[in-house]
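# Coordinate inspection notes
What follows is each chain in one-letter form.
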Amino acid sequence: MKKAIFIDRDGTILLEPSDEQIDSLEKMEWVPGAISGLKALVGLGYELVIVSNQDGLGTSSFPEDTYWPVQNKMLRTLEGEGVIFDDILVDRSFPEENLPTRKPGTGLLTKYMDGSYDLSASFVVGDRDSDMQLAANLGATGLKVGELTWSEIVRTIRSTDRTCLIERNTKETKIRVFVDLDGKAPSGVDTGLKFFDHMLDQIAHHGGISLQVECKGDLEVDEHHTMEDVGIALGEALRTALGDKRGIDRYGFALPMDESRAIVLLDFGGRSELVWDVEFTREYVGDVPTEMFKHFFKSLSDAMKANLYVQARGENNHHLIEGVFKAFARSVKQAVRRDVFSYELPSSKGLL
């Protein structure tokens, strides 16, 4: 479904003067951060729509020939920064007319309410209570300029794109994995393998992400299907939550743990490869066969479409594999970190 960001003009993009009428180019000033903020919203999959009340536009008190030069100057400036609006909707009525087209009424936005737009995943950005009421009337999220800076508005909107829910059901396993790369949701893991749960908890805690994993697997057969399929579902969730990967750091990380050391090099470059250099001296750690850890990370790297180089040395096998999971978590944290005002892919090819 389509999504939209409905944006007020005066007080949101342009500073509103004391007489509340931007009726000359001399009175045209930008709200701080508006240009860079709008630019940061381009390419996220949202339609950008201006929705503005302009009292009596076209009357002698506020003639159209004083309105459009300001509007056109604003649009040309933003187009020079790559910001092009998909629609511009202006209500010209006076407040006392109480028309349904006047915000917070939704009369101007009927075409966005035909079921083809996911309004619950859309936003209204404005500076007035009427803009926030419009958001409530649409079922969208309201973000108020003044209470939030444009930088905070951009972070809020861009962060919503960094989640993914994967449900994977086979004859051997039933799996639900939810990932929030910005860590705003609670975490919890239950795979039926207690030591595996402990390791997956390390990814959430040290990776700074929210991770929910539920798995009902055929553990009466063995651990293979559970660990393989969780790796596939988790990898797919991480890859999908990354979206277009613009602005991410892409790479990461190494750490020590007691007498052990672990190195995990990660590249979300779109190609799958696992190099595994970890030697165990026990058949099991807790309730997990040590041979399954390589298979888990292989399934994970394939589903993430990422290169993983894993090397670890140590005497205590528990410390050894926990160091690997913590290093992986830290590498994920570093690699998915995103500069919300960066529009570049971290690739000289221009494609990841």
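Scroll up to find the structure this text is about.
This section reports on the structure supplied with the text. (Residues numbered from 1 in each chain as written. Predicted model: local features only at pLDDT ≥ 70, side-chain atom pairs only at ≥ 80, totals over all residues. Heavy atoms only, no water.)

With that out of the way, let us pick up the overall build of the protein chain. Assigned secondary structure in the protein chain consists of eight helices and 15 strands. The C-alpha radius of gyration computed for the protein chain amounts to 26 Å, which surpasses the reference 20 Å derived for 352 residues by more than 25%, pointing to a less compact arrangement than a globule. Across the 352 residues that make up the protein chain, the buried fraction comes to 48%. Working note: accessible area of the protein chain is about 15,800 Å², and carbon and sulfur atoms make up 48% of it. Charged side chains of the protein chain number 40 positive and 58 negative; the gap between the two group centres comes to 4 Å. (Helix = DSSP H or I, 4+ residues; strand = E, 2+ residues; numbered from the N terminus. Rg over C-alpha atoms; globule rule 2.2 N^0.38 Å. Buried < 20%, exposed > 50% of the residue type's maximum accessible area, 1.4 Å probe, protein only. Areas by Shrake-Rupley, 256 points an atom, 1.4 Å probe, with all protein chains shown as cover. Lys, Arg positive; Asp, Glu negative; His and termini not counted. Charge placed at Lys NZ, Arg CZ, Asp CG, Glu CD.)

Strand order in this open sheet of four strands is E6-E7-E9-E8, and the pairing throughout is mixed. Single-partner strands in this sheet number two, and they are strand E6 (163–169) and strand E8 (188–190). Each adjacent strand pair in this sheet contributes to an overall mean axis angle of 5°, direction not counted. Sheet topology note: the E6/strand E7 (residues 173–180) ladder contains seven bridges and is antiparallel. Looking at the pairing, asparagine 169 lines up with lysine 174 of E7. (Pairing = 2+ DSSP bridges. Axes fitted to C-alpha atoms, helices over the stretch in contact; angles between N-to-C directions.)

In this section: the pattern of salt bridges. Counted according to the given criterion, the structure contains 15 salt bridges. One salt bridge connects arginine 102 with aspartate 91, and the closest N-O pair in it is separated by 3.9 Å. Of this pair, arginine 102 sits in the loop between strand E3 (87–91) and strand E4 (123–126) while aspartate 91 sits in strand E3, and the two are eleven residues apart along the sequence. For arginine 102, a relative accessible area of 13% corresponds to the buried category. Each member of the salt-bridge network shares a partner with another, and the members are Asp8, Lys103 and Asp131. (Salt bridge = Lys/Arg side-chain N within 4 Å of Asp/Glu carboxyl O.)

Turning to the pairing of strand E15 (residues 307–313), a few remarks are in order. It is a general feature of regular strands that their side chains alternate between the two faces of the sheet. Alternating positions in E15 separate cleanly, Leu308, Val310 and Ala312 being buried on one face and Asn307, Tyr309, Gln311 and Arg313 remaining unburied on the opposite face. Of the pairings in the sheet, the one linking strand E11 (residues 260–267) to E15 comprises seven bridges and is antiparallel in character. Opposite leucine 265, over in E15, you have tyrosine 309 as the bridge partner. Direction of pairing for strand E12 (residues 273–278) relative to E15: parallel, over a ladder of six bridges. The residue bridging tryptophan 276 from the neighbouring strand is valine 310, located in E15.

The next point concerns the nonpolar core. Where a protein is soluble and globular, its nonpolar side chains tend to be buried together. Leu200, Leu234, Phe296, Phe297 and Phe325 are the most contacted members of the largest nonpolar core, which has 54 residues in total. Of the residues forming this core, the biggest block, nine residues, is contributed by helix H8 (residues 317–336). (Core = buried A, V, L, I, M, F, W, Y, C linked by side-chain atoms within 4.5 Å.)

For the rest of this paragraph, the subject is the packing of aromatic side chains. According to the stated counting rule, one finds twelve aromatic pairs in the structure shown. Seen from their ring centres, phenylalanine 195 and phenylalanine 293 are 6.2 Å apart, and the 70° between their planes marks the pair as edge-to-face. Taken together, the residues phenylalanine 195 in helix H5 (residues 194–207) and phenylalanine 293 in helix H7 (residues 291–304) connect sequence positions 98 residues apart. With a relative accessible area of 0%, phenylalanine 293 lands in the buried category. Their ring planes at 80° and their centres at 6.1 Å tell us that phenylalanine 293 and phenylalanine 325 sit as a pair that is edge-to-face. (Phe/Tyr/Trp six-rings, centres within 6.5 Å; stacked < 30°, edge-to-face > 60°.)

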